[in-house]
Each structure stands twice: as C-alpha cells, then as structure tokens.
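Residues per chain, in single letters:
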Amino acid sequence: MKKIKKLLLVVIIVLSPQIFAQNKLEVVAEFPSERPGNIAVSPEGRIFITMSALVSSKYMVREILPDGKTIAFPDEQWASQPAANSTIKGINGTIGIQVTADNILWVLDMGNPNANPKQNPKLISWDVATRKLSKVYILPDTVLSPASFLQDFVIDLKNNTAVIADMTSSMNSTINPAFVVINLETGYARRVLENHSSLLPLDEPIIVDGIKVTHKKPDGQSIQPKNALNPIAIDKANNFIYFGAMGAKKIYRIPASVLADESLTDQDTAKFISFYAEKPISDGFKVGENGRVYVTDVQQNAVGISSAEGYQKLVTDKRLSWPDGLAISNGYLYITANQLNHLPLLNNGADSSKPPYYVFRIKLD
C-alpha cells in the first residue's frame, strides 16, 4: 500500500499543471541592479517597461530589445528626471504604463511635490512608431490628496477616458484611496469614490516567505503598511474596468461608461460596482479572454488566474519574487519580478535583495 501511495504521489506531481507551467517560464530580460516596474507590449510586439519608482534609475521608461538589452523611450531626455526649472519634460518617477490598440504608449508620471518648482503628476503619451509626443495631462491639486500615490491606470478608448488608481501612501497613518478620472478630450479631471469599501485593504499585514512587509519610519517606528486600491485593468472591448485593493482578496468591476459619466454622483456611481472574483494579495492584474483575470500573487511567488469559478495558480517559481506588472500580447503573458519586499523601505530597514531582477513571459493556452 505504501508503494502504491508513493506511486500516486509521483503521478500527481508529474501531471500537476502548476508545476508543468514552471517549465514554460521564459526570461525576456534580466537586470543586475535596477528593478523593472510595470510592463506594456504594443500590438506588433514591442516591449516597454517602467523602472521601479522605489529605486533610483537613470532612465524611467525603456524599451526591451529582442536581445534583452534596453534603451530609453521615447528618448533620453523624456525618460530621465526633469531638468531644473522644467515643469513638463522628463519623468520624476513612474510605475504605470500602457499601450493602447491604436499604438499609443501611455506613462503616468507620479510627480514630485518637493521639487522646485513643484512637479505635479502627469499622464503622458507618445506615438510608438514615431516616438513623437501625443498628449500631456497635468493633474491639478484638486484631484489629489496630500498622500496621493498614483500607480496603475487604464485607458478607455471607447469612452475616451483615463482612470487612475490613487492608492495613497500606505506609509501614512491615514489612507484615502480613490479613482482619478480624466476626460481625454477636454482634460477635465475628477476624484471619484474616495474611500469606498471596494478600494480598501484588509486590516492585516502582508507576509512573504514568512516575513512581514514592514516599513521603518525616520523616527525608528516600524509599521506594516496597509495597501489600498492598486491593481486596475480593462477588458479588450473596453466594457468593464476591474479593480481591487492590493492588500485585499476581492476583484470588483464597474462598467467603464459609468466611471466616464461626469453627471453621476459618487453615490450613484457606487451602485454599479459588483464583486467579480476572489484573488490573492496582488500588485497587478490583467484581463484576458473568457473572463479570466491574470493576477500577481506576491505572497506565493506566483501568478494565478481569477474567474467566477475561483482562483488557481498558473505558475509558481522562486524567481517570481514579488511579481509586479503584467501584460498580455500575442498569446503570451508578460511578468515583471522585482523583489520589492526585500528593499529596506519594505523590509524594516534591511536590504535582503538577491539580484538579478526579471521580465518573464509564459505562453497562454
């Protein structure tokens, strides 16, 4: 009987789809010191990344070439921090990046309130083919909070709208997450659904490899950050926007047309929010085909799939240490992994990073 049990265990391990998927994880690029943030892939397969805003980097936005090397995009001046006395050209720090079906690359500059002059956050776009600047939307103070931390976003081409997730800094005692919605035709921006329950995290720490994600403040006090609204995605048809708190375990969705409707109050807008699926603690997700939402699983070194049927892991690998951004293109899922939990900022002042950091891809069924 013991021999039969051992044989069954071997068969289960060999046939496990999660373990089989590990063998399909391909390295697209690796980085010996700088960390990739989020990722976007153009319709013809060009790959773009932001470099993590939590670590200094010479060029904030880069294109990954076929040989795995990177170059600044659209050019070295725009991809670098703004020069002195510049209020537009350059990027202070960024996480969010998207390429739309019309081959426009969008990047969200998080701004720098301590710069002189002050740098407000801005949403920028370029034509991928020509590298020419397309649009710049500077966000006014009226749609921000003192602790604004603008990360992921979506571009809704059907309603000509951008929707930004303002997580607000989890290093502060008070978080006020909200959507910042921009009308891409007029430039009018609104702050929507601030502190709605669907945007809020659970009151529990994030634990990775048995260690709590911990921030040590300048006064020496250690806190476990509570991470609110962060992952946000839109389906291919631009019908629904999917979102959730990084530090919570539910995905919600709302019709894209509702968030675009400037006539609705927050109370009216909230009526259209619906629960979609369970998820793990996650830093990003993307909507794929057949109702699948591909989700980074930061606590399990994994990427999984959330759907109406529940959550299941797609791939688990130790190299997926803090899987961050996702992109879907031409039948592949692209993944960045950057070990953010090993940074001193999130590791109680200690640096336990073990480079390199990666961009992967995996073939989807």
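Model, not experiment: these values are computed from the prediction.

S.K.: Help me understand the overall build of the chain in this model?
M.R.: If you tally the helices and strands in the chain, you get 5 helices and 28 strands. By the compact-globule yardstick of 21 Å for 365 residues, the chain fits well, its C-alpha radius of gyration being 20 Å. Referenced to the eigenvectors of the C-alpha coordinate spread, the extents of the chain come out at roughly 75 × 50 × 45 Å. The burial tally for the chain puts 54% of its 365 residues in the buried class. Expressed as a percentage of contacts within the chain between residues at least 6 apart in sequence, the contacts between residues at least 24 apart total 50%. Within the structure as shown, the chain displays about 16500 Å² of accessible surface, and the carbon and sulfur contribution to it stands at 52%.

S.K.: Would you explain the packing of aromatic side chains in this entry?
M.R.: Applying the stated rule across the entire model yields 10 aromatic pairs. When the ring of Tyr242 is compared with that of Tyr276, the centres are 5.0 Å apart and the planes differ by 85 degrees; the resulting orientation is edge-to-face. Of this pair, Tyr242 sits in strand β19 (residues 240-245) while Tyr276 sits in strand β21 (residues 274-278); the two residues are 34 residues apart in sequence, bridging distant segments of the chain. With relative accessibility at 5%, the residue Tyr242 sits in the buried group. Judged by its relative accessible area of 16%, Tyr276 falls in the buried class.

S.K.: How should the nonpolar core be read in this particular structure?
M.R.: Residues Val163, Phe179, Ile232, Ile241, Phe243, Ile254 and Leu259 are the most contacted members of the largest nonpolar core, which totals 19 residues. The set of elements that each furnish at least two residues to this core consists of β11 (161-166), β12 (178-183), β18 (229-234), β19, β20 (250-255) and α4 (256-260). Val163 has contacts with Asp152, Phe153, Val154, Phe179, Val180, Val181, Ile232, Ile241 and Leu259, leaving out every residue within four places of it along the chain. One finds Trp106, Leu123, Ile164 and Ala189 within the second-largest nonpolar core, a separate group that totals 17 residues.

About the thresholds
Residues numbered from 1 in each chain as written. Predicted model: local features only at pLDDT ≥ 70, side-chain atom pairs only at ≥ 80, totals over all residues. Heavy atoms only, no water. Helix = DSSP H or I, 4+ residues; strand = E, 2+ residues; numbered from the N terminus. Rg over C-alpha atoms; globule rule 2.2 N^0.38 Å. Buried < 20%, exposed > 50% of the residue type's maximum accessible area, 1.4 Å probe, protein only. Contact = heavy atoms within 4.5 Å. Areas by Shrake-Rupley, 256 points an atom, 1.4 Å probe, with all protein chains shown as cover. Phe/Tyr/Trp six-rings, centres within 6.5 Å; stacked < 30°, edge-to-face > 60°. Core = buried A, V, L, I, M, F, W, Y, C linked by side-chain atoms within 4.5 Å.

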